[in-house]
Amino acid sequence: EVKIINKSHHPLPGYATPLSAGMDIRANLTEPVVLNPLNETDSDRIYIALPEGYEAQMRPVAVCIEHGITLLNTPGTIDADYRGEIGIILINLSSEPFTVNDGERICQMVITTHSQVAWQLVEALDDTERGAGGFGHTGK
């Protein structure tokens, strides 16, 4: 269970299907917002208190991606000790204006466990088959 304060005028975030990993987050607006190319907007009004060892990630939804709309900091991470409003910053990367309507699904929130690591300073790393191959290297 996760504590949540909902100051929006929409139901709590929810899963669209029984096997969904992410909960839909909806735009909380008093009127539609036209998101022009390379402009951004912020809308939400929910606050959560995650248990220790958990994080929430905000990810864009397909309907937005189809129109060139994404989250400015994808994926955005919410730490377990954060208590402020969850900010959803949409940005229009297309060349066409996009209208965001109240109640429209704008992103998904995935809540998952995470680990913290302790660094071990070494002079060299173990060899692997991939080695130092960069982006796209394993697809060749």
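1. Structural notes on the overall build of the protein
Turning to step 1, where the next piece is worked out: On a plain count of helices and strands, the protein comes out with one helix and twelve strands.
Turning to step 2, where the next piece is worked out: Going from the N terminus to the C terminus, the protein shows its helices and strands as β-β-β-β-β-β-β-α-β-β-β-β-β.
Turning to step 3, where the next piece is worked out: Relative to the 2.2 N^0.38 estimate, which gives 14 Å for 140 residues, the radius of gyration of the protein is 19 Å and therefore markedly larger than a compact globule would have.
Turning to step 4, where the next piece is worked out: Along the three orthogonal principal directions, the C-alpha set of the protein runs to about 55 × 40 × 30 Å.
Turning to step 5, where the next piece is worked out: The buried share among the 140 residues of the protein stands at 32%.
Turning to step 6, where the next piece is worked out: Summing over all exposed atoms, the protein offers an accessible surface of approximately 9,700 Å²; the carbon and sulfur share of this is 52%.

2. With respect to unusual backbone geometry
Turning to step 1, where the next piece is worked out: Backbone torsion omega between Thr-74 and Pro-75 reads -15 degrees, so that peptide bond is classified as cis.
Turning to step 2, where the next piece is worked out: Mapped onto the elements, Pro-75 comes out in the loop between strand E8 (69–71) and strand E9 (76–79).
Turning to step 3, where the next piece is worked out: A positive phi angle is found at Leu-38, which is not glycine, with a value near 60 degrees.
Turning to step 4, where the next piece is worked out: With respect to the helices, strands and loops of the structure, Leu-38 is situated in the loop between strand E4 (33–35) and strand E5 (40–42).
Turning to step 5, where the next piece is worked out: Residue Leu-38 is classed as exposed on the basis of its relative accessible area of 64%.

3. Observations regarding the layout of surface pockets
Turning to step 1, where the next piece is worked out: Estimates place the volume of the largest pocket at around 150 Å³.
Turning to step 2, where the next piece is worked out: As for the largest pocket, its lining consists of 13 residues, of which Pro-11, Pro-13, Asp-24, Ile-25 and Arg-26 are closest to the centre.
Turning to step 3, where the next piece is worked out: Of the residues forming the lining of the largest pocket, the biggest block, three residues, is contributed by strand E3 (residues 23–26).
Turning to step 4, where the next piece is worked out: Considering only residue class, the lining of the largest pocket consists of five nonpolar, five polar and three charged.

4. Structural notes on the sheet that holds E8
Turning to step 1, where the next piece is worked out: An order of E5-E10-E8 is seen for the three strands of this open sheet, with the pairing classed as antiparallel. The two strands at the open ends of the sheet, each matched to only one other strand, are E5 and E8. Geometrically, the sheet is characterised by an average inter-axis angle of 30 degrees between neighbouring strands, direction not taken into account.
Turning to step 2, where the next piece is worked out: Bridge count between E5 and strand E10 (residues 89–92): three bridges; the pairing is antiparallel. For Thr-41, the partnering residue across the bridge sits in E10 and is Leu-90.

5. Observations concerning the pairing of E10
Turning to step 1, where the next piece is worked out: With three bridges joining them, E8 and E10 adopt antiparallel strand pairing. Looking across to E10, one finds that Leu-71 is bridged to Leu-90.

Calculation rules
- Residues numbered from 1 in each chain as written.
- Predicted model: local features only at pLDDT ≥ 70, side-chain atom pairs only at ≥ 80, totals over all residues.
- Heavy atoms only, no water.
- Helix = DSSP H or I, 4+ residues; strand = E, 2+ residues; numbered from the N terminus.
- Rg over C-alpha atoms; globule rule 2.2 N^0.38 Å.
- Buried < 20%, exposed > 50% of the residue type's maximum accessible area, 1.4 Å probe, protein only.
- Areas by Shrake-Rupley, 256 points an atom, 1.4 Å probe, with all protein chains shown as cover.
- 1 Å grid on protein atoms, 1.4 Å probe; cavity = no way out; pocket = protein on both sides within 12 Å on 5 of 7 lines; lining within 4 Å.
- Points joined across faces, edges and corners; volume = space filled by probe spheres on them.
- Nonpolar A, V, L, I, M, F, W, Y, C, P; charged D, E, K, R; others polar.
- Pairing = 2+ DSSP bridges.
- Axes fitted to C-alpha atoms, helices over the stretch in contact; angles between N-to-C directions.

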